[in-house]
Amino acid sequence: MAGIEIEEAEKELMEAPKYPLTMDEYKKTLKEGKLLGLRCGACGEVTCPPMMVCQRCGSKELEKIEMSGKGELMTLTVINVPPEGFEGPYIVCLVKTAEGPWIPARLDYDISKLTPEVLGKTVELKEGLTLPGDKYSAGERVVPVFKVVE
Ligand SMILES: [Zn+2]
């Protein structure tokens, strides 16, 4: 009887979903200055940051890829009054990556020289910024930081 239960448990473990890219690996790699994503085997769409399924079609047929780290600056805002535990001012932005997904990030830019003309510029990943956990989060976070290259 016990033998059968172990067999069933082993079978369940073998069928458990295998994630091609975990959040831990994504954050570790981002700290090294690389952006990882997931390419969908069913529709070809790229998902970033990592999710359990393709963000376009819901397929679990995902393959880990290294993204170019390049993109276009779509929008931004300056945080002058940061939440507790953060140091301001800083720029939060949305980057449309070359592979497709829009990702939230920070922008390394001189705030005193900021104009709307910066929108649409080409940006590239500079680094992954590690933020310590605070009373609102579940621990350390790593956010991508982009710089304007064009
Ligand atoms: Zn898909």
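Residues numbered from 1 in each chain as written. Predicted model: local features only at pLDDT ≥ 70, side-chain atom pairs only at ≥ 80, totals over all residues. Heavy atoms only, no water.

### Some points on the overall build of the protein
Just so we agree on the cut-off: Numbering of helices and strands starts at the N terminus; helices are DSSP runs of H or I of at least 4 residues and strands are runs of E of at least 2. The quantity called the radius of gyration is restricted to C-alpha atoms. Its globule counterpart is 2.2 Å times the number of residues to the power 0.38. Relative accessible area decides the class of each residue, using a 1.4 Å probe on protein chains only: under 20% of the type maximum gives buried, over 50% gives exposed, and in between gives partly exposed. Working rule for contacts: check all heavy atoms of both residues, and any pair within 4.5 Å makes them a contact.
Per the secondary structure count, the protein includes 2 helices and 8 strands. Listing the helices and strands of the protein from first to last along the sequence gives α-α-β-β-β-β-β-β-β-β. Its C-alpha atoms give the protein a radius of gyration of 19 Å, clearly above 15 Å, the size a compact globule of 150 residues would have. With the C-alpha coordinates aligned to their principal axes, the bounding extent of the protein is approximately 70 × 40 × 25 Å. Here the protein, with 150 residues, has 29% of them falling under the buried criterion. Within the protein, counting contacts between residues at least 6 apart in sequence, those at least 24 apart form 49% of the total.

### Some points on the sheet that holds strand β3 (residues 62-66)
As a reminder of what qualifies: Strands are treated as partners if at least two bridges between them are detected by DSSP.
An order of β2-β1-β3 is seen for the 3 strands of this open sheet, with the pairing classed as antiparallel. Looking along the sheet, the strands with just one partner apiece sit at the ends: β2 (46-47) and β3. Sheet analysis places strand β1 (residues 36-40) next to β3, joined by 5 bridges and oriented antiparallel. Among the inter-strand pairings, cysteine 40 is bridged to a residue of β3, identified as leucine 62.

### Considerations on the coordination of the zinc ion
The condition that has to hold: Each metal's donors comprise the N, O and S atoms found within 2.8 Å of it (within 3.2 Å for Na, K or Ca). Water is not part of the atom list, so some coordination spheres may appear incomplete. Think of it this way: with four donors and all angles in the 85 to 135 degree range, the site is tetrahedral; with four or six donors, opposite ones beyond 155 degrees and the rest between 65 and 115, it is square planar or octahedral; otherwise it is irregular.
Protein coordination of the zinc ion is provided by Cys40 (SG), Cys43 (SG), Cys54 (SG) and Cys57 (SG), with donor distances spanning 2.3 to 2.4 Å. Geometry at the zinc ion is tetrahedral, judged from the 4 donor atoms that bind it and their angles of 104 to 116° at the metal. In primary sequence terms, the donor set of the zinc ion follows C-x2-C-x10-C-x2-C.

### Some thoughts on the packing of aromatic side chains
In plain terms, the rule: Each pair of aromatic rings taken from Phe, Tyr and Trp, with Trp reduced to its six-membered ring, is defined by centres within 6.5 Å and is described as stacked if the planes are under 30 degrees apart, edge-to-face if over 60, and tilted in the remaining cases. For a ring to carry a charge above it, either NZ of a lysine or CZ of an arginine must fall within 6 Å of the ring centroid while also lying within 35 degrees of the normal to the ring plane.
Under the definition given, this model contains 1 aromatic pair. Geometrically, the ring pair formed by phenylalanine 86 and tyrosine 90 is tilted, given 6.5 Å between the ring centres and 35° between the ring planes. The buried category is assigned to tyrosine 90, whose relative accessible area is 12%. Its end group placed over the ring of tyrosine 90, arginine 106 keeps NZ or CZ at 3.6 Å from the ring centre.

### A closer look at the nonpolar core
Heads up, the condition is: In this text, buried Ala, Val, Leu, Ile, Met, Phe, Trp, Tyr and Cys residues form a nonpolar core when linked through side-chain atoms within 4.5 Å.
In terms of nonpolar packing, the biggest core is built from 25 residues, with Leu35, Leu73, Val95, Leu107 and Phe146 touching the most fellow members. Among the elements of the structure, α2 (23-31), β1, β3, β5 (90-97), β6 (102-108), β7 (122-131) and β8 (141-148) are those that each provide at least two residues to this core.

### Thoughts on the side chain of threonine 29
Positionally, threonine 29 belongs in helix α2. Other than its neighbours up to four places away in sequence, threonine 29 contacts Lys34 and Leu36.

### Some details on the pairing of strand β4 (residues 70-79)
Sheet topology places β4 next to β7; 3 bridges connect them, and they run antiparallel. In the strand pairing of β7, glutamate 72 is matched with threonine 122.

### Details of the domain arrangement of the protein
So the rule is basically this: The source of the domain bounds is an automatic or database domain assignment. Put simply, buried area is how much 1.4 Å-probe accessible surface two parts lose in total, over both of them, once they are put together. Throughout this description, the term salt bridge denotes a Lys or Arg side-chain nitrogen within 4 Å of a carboxyl oxygen of Asp or Glu. A 3.5 Å cut-off defines polar contacts: any pair of N or O atoms within that distance qualifies, except that in protein one atom must be a possible hydrogen donor and the other a possible acceptor, and neighbouring residues in sequence count only when both atoms are side-chain atoms.
Each assigned domain of the protein is listed with its residue range as follows: domain 1 (1-67) and domain 2 (69-150). Placing the centre of domain 1 and that of domain 2 at their C-alpha centroids yields a distance of 26 Å. If you look at the interface, domain 1 gives 11 residues, while domain 2 gives 15 residues. Of the roughly 1,100 Å² buried between domain 1 and domain 2 on both sides combined, carbon and sulfur atoms contribute 69%. Three residues stand out in domain 1 for area buried against domain 2, namely Leu30, Lys31 and Met67, and they jointly supply 45% of the buried area on that side. The partner of lysine 31 in a salt bridge is glutamate 140, with the nearest N and O atoms 2.9 Å apart. Where domain 1 packs against domain 2, one counts 4 residue pairs in polar contact (both at pLDDT 80 or more). Mapped by element, the contributors of at least two residues to the side of domain 1 that touches domain 2 are α2 and β2.

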